[in-house]
Every structure is written in C-alpha cells, then in structure tokens.
Amino acid sequence: MKNTRCTLDRLFDMFRTHGAKTLTMDDIAREFCISKKTLYQKYKNKEELLTEVLEHISNKAIEEVETVKNHYQCPIEIMFVSVKRIDDATSQEKNAFVLQLIKYYPEVFHQHQKSISIKIEEILKQNFERGVELGYYRTDIPTDLFIKFLTTLLFSVDVSPLFEDIKDKKYISTGIKFFYLNAIVTEKGQQRLKELKTKYEEMD
C-alpha cells in the first residue's frame, strides 16, 4: 500500500463516509486488496493512519492557498479568495468522521488542529506584513493575537453549538472574513475592502 495522493484521498473519503471509529483496518485492507498484516507494516495503528490522512488533506488546502498568493497582488483580495481554502482545511462538519475523531481519537484531532493552525498563522502573518507595506492594514494592533483570534474562529465555528441554527457555511465564512478584515484595515484598506466586496458580490 503506497501513500500516494490518490490513496490518501481515497482513505479520507472512506473515513468521511463511515466515520473514524466505524471504518476498521479490516475494511481498509479489503478496499485496497491487501492483507491486514501488510497494512500494519505500513501503519502500526489507526491513529498513525489517521494522522497521515489528515496531514495530507491539510497540505492540499495549504497548497491551494499558496497558489492564490501567487495569483493575486492585493493582500485583501488574497484574503477574500484564500479564506475559502483555509475554511476547507479547518472545516469540522458534524459528520460521523469528525464526531468519532473527537470522541475516540482526541490526541489525533488536537494534533491536527495544532499542525494546520501553525501553517495558517504563518500565511496570515505574511499577508498582514504585505498589507502593512501597502498601507492597507493597521500597525497599532497586536498582530499575533488578532491572527490567533481568526484561526480560533475558523476552527471552532463548525463544532460550536452556537451556530447549529445557521446551515449556510458560506454565510458564516464570509462573516468571519469581514469580522477580521474590518478590524485590521486602515481607511485606505477600508475603501479597497468595499471595492472587493462589490466585485465578489457581483460574481456570486
């Protein structure tokens, strides 16, 4: 069993469909037409397999964000486009996979959150520095703290009972984006933010 991108994508689909606990190593071995012994030669336990799958999915999302950074010049516009990718990376929809992951594999879940948050915070820090250079972002705020506020929101909103009555994920994601940007932009940035809001509303 090779840990190719296609294999890891398939494993992720299987876990999302059946659940982190429900899907067994026997099920996985049958799916890939290998023996259970061969599977355990690659992964000593399911926790190790889950960790690799989650890391793979996170890296794919980060790669997409990096592509966005290379395509757009304006840091505010990069935030507009890349928050969707970041949102996908941090998304914890209340399906069997995530609920079982939290209940039965909490260490794997928390390590995944920590790993992806470090990567996201570095991207946000670079975005903020570029925004300051262009006069779009303020310099009188605790940058690291505000970035942690944003990553915390992105991680927690989908598992919080406070948002159970809001089914439109895009609506929540957009709200988080504007909450953060409105807190950090200068007057110049506010004008650019209005322009981009109009632009992307027309595109939707």
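Residues numbered from 1 in each chain as written. Predicted model: local features only at pLDDT ≥ 70, side-chain atom pairs only at ≥ 80, totals over all residues. Heavy atoms only, no water.

**Q** Can you help me understand the overall build of the protein in this one?
**A** The number of helices and strands found in the protein is 10 helices and zero strands. Taken from N to C terminus, the helices and strands of the protein fall in the order α-α-α-α-α-α-α-α-α-α. Counting only C-alpha atoms, the protein reaches 60 × 35 × 35 Å along its principal axes. Each of the 204 residues in the protein was classed as buried or not, and the buried ones make up 42%. Contacts in the protein between residues at least 24 apart in sequence constitute 71% of all its contacts with a sequence separation of at least 6. Carbon and sulfur atoms make up 52% of the accessible area of the protein, which amounts to about 11500 Å² in all. With 32 positive and 32 negative side-chain charges, the protein shows a spacing of 3 Å between the two charge centroids. (Helix = DSSP H or I, 4+ residues; strand = E, 2+ residues; numbered from the N terminus. Buried < 20%, exposed > 50% of the residue type's maximum accessible area, 1.4 Å probe, protein only. Contact = heavy atoms within 4.5 Å. Areas by Shrake-Rupley, 256 points an atom, 1.4 Å probe, with all protein chains shown as cover. Lys, Arg positive; Asp, Glu negative; His and termini not counted. Charge placed at Lys NZ, Arg CZ, Asp CG, Glu CD.)

**Q** Explain the pattern of salt bridges to me, please; I cannot follow it from the model alone.
**A** It is possible for side chains of opposite charge to pair when their charged atoms get near one another. One pass over the structure, following the stated rule, counts 14 salt bridges. Note that Lys-36 is salt-bridged to Asp-26, the shortest N-O span being 3.4 Å. Of this pair, Lys-36 sits in helix α3 (residues 36-42) while Asp-26 sits in helix α2 (residues 25-31), and the two are 10 residues apart along the sequence. By relative accessible area, which is 32% here, Asp-26 ends up partly exposed. Note that Lys-148 and Glu-121 form a salt bridge whose closest N and O atoms lie 3.3 Å from each other. Of the two residues, Lys-148 sits in helix α8 (residues 143-156) while Glu-121 sits in helix α7 (residues 106-133), which places them 27 residues apart along the sequence. By sharing partners, the salt bridges in this structure join Glu-77, Arg-192, Glu-195 and Lys-199 into a single network. (Salt bridge = Lys/Arg side-chain N within 4 Å of Asp/Glu carboxyl O.)

**Q** In this structure, what is going on with the packing of helix α9 (residues 169-184) against helix α10 (residues 187-203)? I would like to understand it.
**A** A pair of packed helices is characterised by two quantities: the angle between their axes and the separation of those axes. Taken N-terminus to C-terminus, the directions of α9 and α10 make an angle of 155°; their axes are 10 Å apart at the nearest point. Classified by the angle between their axes, α9 and α10 sit roughly antiparallel to one another. Remark: the crossing between α9 and α10 carries right-handed chirality. Taken together, the residues of α10 that come into contact with α9 (itself represented by Phe-178, Leu-181 and Asn-182) are Gln-190, Leu-193 and Lys-197. Residue composition of the contact of α9 with α10, grouped by class: three nonpolar, two polar and one charged. (Axes fitted to C-alpha atoms, helices over the stretch in contact; angles between N-to-C directions. Parallel < 35°, antiparallel > 145°, perpendicular 65-115°, else oblique. Left-handed = near helix turned anticlockwise from the far one by under 90°. Nonpolar A, V, L, I, M, F, W, Y, C, P; charged D, E, K, R; others polar.)

**Q** Hey, could you run me through unusual backbone geometry in this one?
**A** Most peptide bonds are trans, and most residues other than glycine sit at a negative phi. In this structure, Cys-33 is a non-glycine residue whose phi angle is positive, near 55°. With respect to the secondary-structure elements, Cys-33 resides in the loop between α2 and α3. Its relative accessible area of 72% is what places Cys-33 among the exposed residues.

**Q** When you look at the nonpolar core in this model, what are you seeing that I'm missing?
**A** The nonpolar side chains of a soluble globular protein tend to be buried with one another. Core analysis: the largest hydrophobic core is formed by 34 residues, its most contacted members being Ile-76, Met-79, Phe-80, Tyr-137, Tyr-180, Leu-181 and Ile-184. Broken down by secondary-structure element, the contributors of at least two residues to this core are α4 (46-71), α5 (75-90), α7, α8, α9 and α10. (Core = buried A, V, L, I, M, F, W, Y, C linked by side-chain atoms within 4.5 Å.)

**Q** Teacher, can you tell me more about the packing of aromatic side chains here?
**A** For any pair of aromatic rings, the description consists of the separation of the ring centres together with the inter-plane angle of the planes. Overall, the coordinates contain six aromatic pairs when judged by the stated rule. Ring pairing ties together the aromatic residues Phe-12, Phe-15 and Phe-97, which thus form one cluster. Across from the ring centre of Tyr-136, 5.0 Å away, lies the NZ or CZ of Lys-188, which sits over that ring. One cation-aromatic arrangement involves Lys-197 over Phe-178; the distance from NZ or CZ to the ring centre is 5.4 Å. (Phe/Tyr/Trp six-rings, centres within 6.5 Å; stacked < 30°, edge-to-face > 60°. Lys NZ or Arg CZ within 6 Å of the ring centre and 35° of its normal.)

**Q** Mind showing me how you'd approach the confidence of the model for the protein here?
**A** Where the model shows low pLDDT, its predicted coordinates should not be examined in detail. Put simply, the protein has an average pLDDT of 89, and 93% of its residues get 70 or more. Across the protein, the secondary-structure element scoring lowest on mean pLDDT is α5, at 77, and the one scoring highest is α2, at 97. (pLDDT = per-residue confidence, 0-100.)

**Q** Would you mind going over the packing of helix α6 (residues 96-104) against α7 with me for this structure?
**A** Where α6 contacts α7, the axes come no closer than 5 Å and their chain directions differ by 110°. Our classification of the angle between α6 and α7 gives roughly perpendicular. Across from Leu-101, Ile-102, Lys-103 and Tyr-104 in α6, the residues of α7 making contact are Pro-106, Val-108 and Phe-109. When grouped by side-chain class, the residues that make up the contact of α6 with α7 number six nonpolar, no polar and one charged.

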